[in-house]
Amino acid sequence: MSRFETELERRLEDIRSTNLFRQLRRIDSPQSPEIQADSRSLLNFSSNDYLGFANEPALKEAAIRAVERFGVGSGSSRLICGSLGPHHDLEDAIASFKEQPAALSFSSGFAAALGAIGSLVTRDDVVILDKLSHACLIDAARLSGAALRIFNHNDMEDLESILRWARDRARDSTVLIVTESVFSMDGDHAPLKEIVDLKDKYDAWLMLDEAHATGLYGANLRGLAEAAGVGSRVEIQMGTLGKALGVSGGFICGARPLIDLLINRARPFIFSTAPSPAICAAATAGLALLQTEFGRNRQRALFERVAQVTARLPALGKGPPCPILPLVVGDETNALAAASALRERGLLIPAIRFPAVPRNQARLRLTLSATHSQKDIDSLRDALIALQMDGALNPGSKPEAAIQTESRTT
Ligand SMILES: *Cc1c(COP(=O)(O)O)cnc(C)c1O
């Protein structure tokens, strides 16, 4: 082994010794409730493909048509010669869906976060983040060079005291609050009405990451801001095309000058090859499908599955209705053992560990899809109960990890 490799092996050993080592697992089938991995079939409770759009014919056909018409590559960054029809169609569709004046698409939600925060604040400004914010929001805030302050998760008093500090510090600087609406690892919701009121009171801006809410919440499925009645009061609305919409890519939408500023300032947008036209066409088809009766039925079916699981396994249903159902185990080793015992039983439910969640808050993160069947839900319940009887969940002093089931069987 070269000295280079020896050094890297030493670093990997540090990761292994704290049970934080990760490995890729090859899947040889489309995303769906049943996936093929290691030449066996696994019941999939790990995907963010909430509405089952990832393998939906209407999206696939749109991608194929775009390939036939535009080829596979976009050729350059959007600002050089890569701004193709499908990019513009997608952005028109996003703006119209979100009822916003304009939108800009990115190759991922991660890139959208880096581009937006990096364009809006500099060294003299302040970014205030919820403590459980996604890594891309944290990295974007750090890279921006602005002063970074963290408020305790969903704690409005803490947020207000930081806003007061920020305004005392520099009356004229930009103060940007950043939060998720539905939190990715816990499935709980931000108190959006309160956050928006505080934002206005302290003359701050709000960037809202609706990665796990777009397509799932609100009368028109725009997200939690719509459900909370504050859709027109959030300056910077962010989403991903890779979760409920079933494809990949990210977006920012809002006022026209916001989008023009991003086109001029967002480095992941400016210095990166535009996404393949096929991806954009598929996402546009996903947005269209979402707004049909078919899409609404999928969304309703998803929340019926959520209700069925939380009725059978009340320990999972402590928060507001959400297809993200965390089962906090605590210790990383126990979480890994539980995930591997579930895999033995044919279920794919990942152990989520630091840094995705704080240390010693490792968990099984279960996600539901509209395409799960009643039988899949029964298998899930049976597997979790069996696991608990085997002691594999090892709840110990952590009562929240205990699986309680409903007293009467249905
Ligand atoms: C998944 C996710 C992102 C990143 O979006 P991608 O399109 O997957 O890059 C951003 N924010 C949150 C909260 C997410 O869960």
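Treat the numbers as computed from the prediction; the structure is a model and nothing was measured.

1. Here we look at the sheet that holds strand β11 (residues 347-348)
In any sheet, the strands associate via hydrogen bonds between backbone groups, in a parallel or an antiparallel arrangement. Spatially, β1-β2-β11 is the arrangement adopted by the three strands of the open sheet, whose pairing is mixed. Of all the strands in the sheet, the pair left with one neighbour each is β1 (34-37) and β11. Sheet analysis places strand β2 (residues 40-44) next to β11, joined by two bridges and oriented parallel. Looking at β11, one finds that Leu43 is bridged to Leu347.

2. Looking at the site of the ligand
What surrounds the ligand is a group of 14 residues, the closest being Gly109, Asp209, His212, Thr240 and Lys243. His212 is positioned such that a nitrogen or oxygen atom in its side chain is 2.6 Å from an oxygen atom of the ligand. Relative to its unbound accessible surface of 380 Å², the ligand loses 83% to contact with the protein. Mapped by element, the contributors of at least two residues to the shell around the ligand are α5 (109-120) and β8 (236-240). The class makeup of the residues in the shell around the ligand is four nonpolar, seven polar and three charged.

3. Some details on the environment of Asp92
With respect to the element layout, Asp92 can be found in helix α4 (residues 85-98). Residue classification places Asp92 among the exposed residues on the basis of a relative accessible area of 54%. Considering only alpha carbons, one finds Asp92 and Ile195, 103 residues apart in sequence, at a separation of 28 Å.

4. Regarding the layout of surface pockets
The volume enclosed by the largest pocket comes to roughly 1,400 Å³. Lining the largest pocket are 42 residues; nearest its centre among them are Arg22, Pro350, Ala351, Ile352 and Arg353. Those elements that place two or more of their residues in the lining of the largest pocket are α6 (135-144), α14 (332-344), β12 (351-352) and β13 (362-367). Of the residues assigned to the lining of the largest pocket, the class counts are 21 nonpolar, 12 polar and nine charged. Taken domain by domain, the lining of the largest pocket gets at least three of its residues from each of domain 1 (19-50 + 293-401) and domain 2 (57-290).

5. A closer look at the packing of α4 against helix α12 (residues 277-290)
Each pair of packed helices can be summarised by the angle the axes make with each other and by the distance between the axes. Running from N to C, α4 and α12 cross one another at 25°; their axes reach a closest spacing of 8 Å. Between α4 and α12, the angle is such that the two are roughly parallel. As for the relative orientation of α4 and α12, their crossing is left-handed in sense. Contacts between α4 and α12 involve Pro86, His87, Asp89, Leu90, Ala93, Ile94 and Phe97 on the former and, on the latter, Pro277, Cys280, Ala281, Ala283, Thr284, Leu287 and Leu290.

6. A word on the side chain of Thr174
Turning to its location among the elements, Thr174 is positioned in the loop between α7 (156-169) and β6 (175-180). The exposure class assigned to Thr174 is buried, which follows from its relative accessible area of 18%. The contacts of Thr174, once residues within four sequence positions are left out, are Leu120, Val121, Asp125, Val126 and Trp205.

7. Remarks on the nonpolar core
In terms of nonpolar packing, the biggest core is built from 86 residues, with Leu159, Leu163 and Leu384 touching the most fellow members. The element best represented in this core is α12, accounting for eight residues. Each of domain 1 (19-50 + 293-401) and domain 2 (57-290) accounts for three or more of the residues forming this core. Discounting chain neighbours no more than four positions away, the residues touching Leu163 are Ile128, Val175, Ile177, Leu198, Tyr202 and Ala204. In terms of nonpolar packing, the next biggest core, distinct from the first, is built from 29 residues, Ala112, Val127, Leu258 and Ala266 among them.

8. Topic: the packing of aromatic side chains
Think of a pair of aromatic rings as described by two things: how far the centres are apart, and how the planes are tilted against each other in angle. Taken as a whole, this structure holds two aromatic pairs when the rule is applied. On the basis of an interplanar angle of 65° and a centroid distance of 5.9 Å, the ring pair of Phe106 and Phe269 is categorised as edge-to-face. Of the two residues, Phe106 is situated in strand β3 (residues 102-106) and Phe269 in helix α11 (residues 267-270); the sequence distance between them amounts to 163 residues. For Phe269, a relative accessible area of 6% corresponds to the buried category. Relative to Phe303, the ring of Tyr217 has its centre 5.4 Å away and its plane inclined at 70°; by these criteria the two rings are edge-to-face. Of this pair, Tyr217 sits in the loop between β7 (205-209) and α9 (224-227) while Phe303 sits in helix α13 (residues 293-312), and the two are 86 residues apart along the sequence. Exposure class is identical for Tyr217 and Phe303. Each is buried. Over the aromatic face of Phe21 sits the side chain of Arg16, whose NZ or CZ is 4.3 Å from the ring centroid. We note Arg359 situated over the ring of Phe354; from NZ or CZ to the ring centre the distance is 3.9 Å.

9. Observations concerning the domain arrangement of the chain
Taken domain by domain, the chain holds domain 1 (19-50 + 293-401) and domain 2 (57-290). With 20 residues of domain 1 at the interface, the matching set in domain 2 holds 20 residues. Summed over both sides, the interface between domain 1 and domain 2 buries roughly 1,600 Å², with carbon and sulfur atoms accounting for 63% of that surface. For the pair domain 1 and domain 2, the number of links is one salt bridge. Residue Arg363 is joined to Asp186 by a salt bridge in which the shortest nitrogen-to-oxygen separation is 2.9 Å. Summed over the shared surface of domain 1 and domain 2, the number is eight residue pairs in polar contact (both at pLDDT 80 or more). At six residues, the largest contribution of residues to the side of domain 1 that touches domain 2 is made by α13. When its residues are assigned to classes, the side of domain 1 that touches domain 2 shows 13 nonpolar, three polar and four charged.

Rules used throughout
Residues numbered from 1 in each chain as written. Predicted model: local features only at pLDDT ≥ 70, side-chain atom pairs only at ≥ 80, totals over all residues. Heavy atoms only, no water. Pairing = 2+ DSSP bridges. Helix = DSSP H or I, 4+ residues; strand = E, 2+ residues; numbered from the N terminus. Near = heavy atom within 4 Å. Polar contact = N/O pair within 3.5 Å; in protein donor to acceptor, adjacent residues only side chain to side chain. Areas by Shrake-Rupley, 256 points an atom, 1.4 Å probe, with all protein chains shown as cover. Nonpolar A, V, L, I, M, F, W, Y, C, P; charged D, E, K, R; others polar. Buried < 20%, exposed > 50% of the residue type's maximum accessible area, 1.4 Å probe, protein only. 1 Å grid on protein atoms, 1.4 Å probe; cavity = no way out; pocket = protein on both sides within 12 Å on 5 of 7 lines; lining within 4 Å. Points joined across faces, edges and corners; volume = space filled by probe spheres on them. Domains from an automatic or database assignment. Axes fitted to C-alpha atoms, helices over the stretch in contact; angles between N-to-C directions. Parallel < 35°, antiparallel > 145°, perpendicular 65-115°, else oblique. Left-handed = near helix turned anticlockwise from the far one by under 90°. Contact = heavy atoms within 4.5 Å. Core = buried A, V, L, I, M, F, W, Y, C linked by side-chain atoms within 4.5 Å. Phe/Tyr/Trp six-rings, centres within 6.5 Å; stacked < 30°, edge-to-face > 60°. Lys NZ or Arg CZ within 6 Å of the ring centre and 35° of its normal. Buried area = accessible area lost by both parts, 1.4 Å probe. Salt bridge = Lys/Arg side-chain N within 4 Å of Asp/Glu carboxyl O.

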